[in-house]
Amino acid sequence: MAEAADFPGTPPSPARRRLRRVLALVTGAPLLAGACLLPAQGSAQAAPKASPVQASGSRTVAVSLDSLAPSAPTDGDTLTVSGTVVNNGRQPVTDAHLALRVGASMSSRTAIETAARTTGYQPGTDGMEIPGSYEEKFTRLAPGVAQRFTLSLPVSKLHLGSSGVYQLGVSLSGQTPVAPYEQVLGIERTFLPWQPDEADTRTKTTYLWPLISSVHLAAETASNEQQTPVFHDDDLLKEISPGGRLNQMVSLGKDLDVTWVIDPALLGAVDAMADGYEVEGADGTPLPGRGQNAAKQWLAALEDAVQDKEVVALPFADPDLASLAHNGKNVAGTLSHLKDATDVAAITVETVLHVTPDTDFAWPAEGALDPSIVKVATSAGADKVIARSDTFRESGSLTYTPGAARPVGGGTTAVVTDATLSTAFQKDMSHAGNSTLAVQKFLAQSLMIDLQDPGKQRSIVVAPQRMPTASQATTMAQALTALQQSTWSQAQGLSGAADAKADPAASTRVPAASAYPRSLRRKELPKSAFEDVESTHSQLNKFTTILTAPAKVATPFGRALDRGVSTSWRGRTAQAADYRDSVASSLGVLVQQVRLIEKSDASLSGRSATIPVTVQNRLLQGVDHLVLRLTSVNPTRMRINEGTFEEQRVTVAAGHSQSVKFTTSAKANGRASVVAQLYTEDGQAYGPAVTFDVKVNQLTPTVLLVIAGGVLLLVLAGFRMYTQRKRAAARQAEETGADSAGEDLNGDDPGAVDTEGTTGSTDDSTPAEGNAGRGSGHPEDTEGADGSADSGQDSGQPAAESGPGSGPDHAGEPAPDTASGNADRSATGERVDR
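Here's what I pulled together on the structure shown here. For every chain, the first residue of its written sequence is number 1, and the numbers climb from 1 along that sequence. In keeping with the model being predicted, local features are shown solely for residues with a pLDDT of at least 70 and side-chain atom pairs are shown and tallied solely at 80 or more, while totals for entire chains, interfaces and linings include all residues. Hydrogens and water are ignored here; the side-chain numbers use all heavy atoms of the structure.

**Observations regarding the pairing of strand 2 (residues 78-87)**
Categorising residues by exposure relies on relative accessible area from a 1.4 Å probe, with only protein chains included: less than 20% of the type maximum marks a residue as buried, more than 50% marks it as exposed, and the intermediate range marks it as partly exposed. The helix count covers DSSP runs of H or I at least four residues long, the strand count covers runs of E at least two residues long, and both are numbered beginning at the N terminus. Summarising burial for strand 2: eight of the ten residues are buried, a large majority. A pair of strands is considered paired only if DSSP assigns at least 2 bridges between the two. Inspection of the sheet shows strand 1 (residues 61-69) paired to strand 2 by eight bridges, in the antiparallel sense. Within strand 2, the position partnered with Ala-62 by the bridge is Val-86.

Put into structure tokens, the structure is as follows:
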């Protein structure tokens, strides 16, 4: 009544507080006394001790179970339990003892989960202490000090009844200075599966053993002939080294009857390490990898472990099917890449492990399904989808756990894993207490499935987390070892579970998209991720069409793009975007290695000439199937091969450049713009265009006529001067009389001839004559003996060329390192300066 009188949110008055304390003391004292006089309650056990009084401090002492063996005892076994106790209180605990308690058997799987969540001592439920000398005493437990304990007793002393799951508790009873009477100060409970005889019908259990890792391998390779792979980090070495996560998975899994579920991208990465690799340094400088031997040893161990075992290969890089279904399916080309990833998966596993994997299974993140996920998962060829039971909600009338196989329509089977068993080892298993409790709970749930309907055999599938830690893998192996040695379970492969007859009472309805968990949807890759991947794929396809060895680029970059949408990126959207950007950037660097050399402006004089355009290839392989097009922007001023443009096929060897020449013809003076552009054979532009101007200086017919007339006048003037001088010389000779030289010239010599143009004249030493000949453009100065143009070889000077196309390249243009106009492979040793 006093509480009812208080207003909500305000503390009670001092008077009311005192009244409450009095009432609590008056009413609590008889109850406490009655509890001390009550007869002991619990299961029928021989002469059990009286249960100590429950105290409010039943969590004062922390009890931890570090080991329990055997995990599933049978008749004749001795049960040994060990662990630690720690006094978390502020006062010491005295006269304490530790004992085992056996409660009643669990009635259902739900009861097991409820008991696992219960904390503190529960009278009646926790049962009575096991009588006898099977206890450990502690004279004094100091605060904060941990003390070890070990309890061991024959299983027969537990007085277990029929087959079932029993709650097993380890409790510490003692007293404190504040409460100087015996009370339970701490308890830890676990479960003891009890199936002493062979079960009439064993449950068929499939356990998936996943080998999956995050992305470590980069897209680019080292710039050497071997194309050494480059890793973003060396974390994968830690995982495959002794004690590492993946090393533990292989060494533990080889002795277990499990179905191996492998991401082929992991095999590809470790196989790349085995052949030698590099790791990106902090400053971007590649460093040599140190894990080559470790990679070889891990692959050899894995190959040995999977022999004669069922191996399921996921699509390459384990793509995020849910993200693809919700955000990427409408991006053109995305689904086709998923099919490629599935095809590559089988080839990779066969090549590395020499086993034939099953590629009929798809595994969405955490087994969550909706109709779009099923559609996407099966689009790559898979007809079985691994789901989880918390997706398929059963009707309340179903009193047992149904089998895994569920036909969901369209020829697709959903293989439904058990959610409770699949999530049993997701906590931190590095603490022995957590590991022990997880193993016992896993075995208890497994036995309870068998006990639900002992005459009905079912196929149960367990799919743990994709990337268990090393401690989680150790705990899983411990639980599986006990399960496979049990009397109620038998191992079965995943294909067997999928092919088992479906239970007609089990749910086969795939939940609607609105039922997909929001916590999972928030971790998905956005639509932009798939758009980025598709954009890079398009660039990759264009690039590889020009290569002479396209697989050397298509394979590493194609697989890198698959890694860009891996399930391992869930919850790491920013890191995933950085990785995709690095792939696109690396591809862009390669694409730019094949390009046109920039040209400076050129001058063109004359009616026609050739223009060279240089293509450079700095790749480690040749390029082919490229077309170089030269286009005149001003065809009325200048034409390319008598047209607007001309195309020529280009082939350039690795590390070389090739000069391609185009014939041009001028139609008018002035500037003409020219555009050079590379194209793939299917007409797609490749790389940026190169634009330059050509200045046309054409000589018109009128100008040529004027020049010819001027030359003719000069020739005539020279000839007149020549004849006039000859006549003047003759008149002078007549006036002065003939001298001996004149007589020789004009006298009786029968071989003499007139000096005016008669044959046989050899007098070319007269200065006037010589000057006239040079000044008038005498043919002897411009023609050789055969009448051809003087080549300049007599003087040691190179001949002048009539047009720019036949002379040196224009300023600013590097000289080609292959024969001019020759599209064949360049000569050996001709390299491009880098």
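From this point on, the discussion continues.
**Here's the deal with the sheet that holds strand 13 (residues 278-280)**
Taken in spatial order, the four strands of this open sheet run 10-11-13-14, and their pairing is mixed. Each having just a single partner strand, strand 10 (217-221) and strand 14 (286-288) make up the two edges of the open sheet. Averaged over all pairs of adjacent strands, the angle between strand axes in this sheet comes to 40°, irrespective of strand direction. Summarising the sheet, strand 11 (residues 229-231) and strand 13 pair through two bridges and their orientation is parallel. Looking at strand 13, one finds that Val-230 is bridged to Glu-278. Axes, fitted as lines to C-alpha atoms, cover a helix only where it is in contact. Angles between the N-to-C directions of the axes lie from 0 to 180 degrees.

**A few points about the sheet that holds strand 28 (residues 657-666)**
Sheet strands line up and pair through hydrogen bonds in the backbone, either parallel or antiparallel. The sheet built from four strands is open, its strands ordered 22-24-28-26 with antiparallel pairing. On the outer flanks of this sheet lie strand 22 (594-596) and strand 26 (638-640), each paired with one strand and no other. When strand polarity is set aside, the average angle formed by the axes of neighbouring strands in this sheet is 30°. Bridge analysis of strand 26 against strand 28 gives three bridges, and the strand direction is antiparallel. Paired with Ile-640 across the strands is Thr-664, a residue of strand 28.

**Structural notes on the nonpolar core**
Buried Ala, Val, Leu, Ile, Met, Phe, Trp, Tyr and Cys residues that are joined via side-chain atoms within 4.5 Å together make up what is termed a nonpolar core. If you look at the biggest cluster of nonpolar residues, it comprises 72 residues, and the most contacted ones within it are Phe-543, Leu-628 and Met-638. Counting 65 residues, the second largest nonpolar core, distinct from the first, contains Leu-266, Val-352, Met-429 and Val-462.

**Quick word on unusual backbone geometry**
Of note, the bond from Ala-69 into Pro-70 is cis; its omega dihedral lies within 30 degrees of zero at -5°. Assignment of secondary structure puts Pro-70 in the loop between strand 1 and strand 2. Unlike most non-glycine residues, Ala-317 shows phi in positive territory, near 75°. Among the secondary structure elements, Ala-317 is positioned in the loop between strand 15 (311-313) and helix 8 (321-328). With a relative accessible area of 2%, Ala-317 lands in the buried category. The backbone of Glu-366 sits at a positive phi, close to 55°, despite the residue not being glycine.

**Concerning helix 3 (residues 109-117)**
Along helix 3, the residues classified as buried are Arg-109, Ile-112, Glu-113 and Ala-115. Each buried residue of helix 3 lies within a common arc of 165° when the element is viewed along its axis, so the set occupies one face. For helix 3, exposure combined with an orientation more than 90 degrees from the buried face picks out Thr-110 and Arg-117. Pairs of residues are marked as contacts when any of their non-hydrogen atoms sit within 4.5 Å. Packing partners of the buried residues in helix 3 comprise strand 7 (164-175), strand 8 (183-194), helix 11 (419-422) and helix 12 (432-452). Taking the helix axis as origin, the arc is that swept by the directions to the C-beta atoms.

**Structural notes on the packing of aromatic side chains**
Geometry of aromatic contacts follows a simple scheme: Phe, Tyr and Trp rings, the Trp one being its six-membered ring, pair when their centres are within 6.5 Å, and the pair is stacked under 30 degrees between planes, edge-to-face over 60, tilted otherwise. Enumeration according to the criterion identifies five aromatic pairs in this entry. Look at Tyr-207 and Phe-442: their rings are 6.3 Å apart centre to centre, the planes differ by 70°, and that puts the pair in the edge-to-face class. With Tyr-207 in strand 9 (residues 203-211) and Phe-442 in helix 12, this pair connects stretches of sequence that are 235 residues apart. As far as burial versus exposure is concerned, Tyr-207 and Phe-442 are alike and both buried. Here Phe-425 and Phe-442 contribute two aromatic rings whose centre-to-centre distance is 5.3 Å and whose plane-to-plane angle is 40°, an arrangement assigned as tilted. With Phe-425 in the loop between helix 11 and helix 12 and Phe-442 in helix 12, the pair connects residues that are 17 residues apart, well separated along the chain. An identical accessibility class is assigned to Phe-425 and Phe-442; each is buried. In this structure, Lys-384 is placed above the aromatic ring of Phe-361, and the distance from its NZ or CZ to the ring centre is 5.5 Å. Cation placement over rings: the criterion is NZ of Lys or CZ of Arg within 6 Å of the ring centroid and within 35° of the ring normal. Above the ring of Phe-316, the side-chain terminus of Arg-559 is found at 5.5 Å from the ring centroid.

**Quick word on the packing of helix 16 (residues 527-544) against helix 18 (residues 573-591)**
Two elements in contact, helix 16 and helix 18, have axes whose closest approach is 10 Å; the angle formed by their N-to-C orientations is 20°. Classed by the angle they form, the pair helix 16 and helix 18 counts as roughly parallel. Considering how the two elements wind past one another, helix 16 and helix 18 form a crossing that is left-handed. Across the interface between the two elements, Ala-529, Asp-532, Val-533, Thr-536, Gln-539, Leu-540 and Phe-543 from helix 16 touch Arg-580, Val-583, Ala-584, Leu-587, Gly-588, Leu-590 and Val-591 from helix 18. Oblique is the label for every angle not falling under 35 degrees (roughly parallel), over 145 degrees (roughly antiparallel), or within 65 to 115 degrees (roughly perpendicular). Two helices that cross are described as forming a left-handed crossing if the nearer one is turned anticlockwise from the farther one by less than a right angle, and a right-handed crossing if clockwise.

**Thoughts on the pattern of salt bridges**
The salt bridge criterion pairs a side-chain nitrogen of Lys or Arg with a carboxyl oxygen of Asp or Glu, the two atoms within 4 Å. Applying the stated criterion across every chain, the model contains 23 salt bridges. Among the salt bridges present, the one from Arg-570 reaches Asp-320, with a minimum N-O distance of 2.9 Å. With a gap of 250 residues between them, Arg-570 in the loop between helix 17 (551-563) and helix 18 and Asp-320 in the loop between strand 15 and helix 8 connect regions that are remote in the sequence. Here the two residues Arg-570 and Asp-320 agree in accessibility, since each one is buried. Residue Glu-366 is joined to Arg-388 by a salt bridge in which the shortest nitrogen-to-oxygen separation is 3.9 Å. Of this pair, Glu-366 sits in the loop between strand 16 (361-362) and helix 10 (371-379) while Arg-388 sits in strand 17 (residues 384-388), and the two are 22 residues apart along the sequence. Its relative accessible area of 42% is what places Glu-366 among the partly exposed residues.

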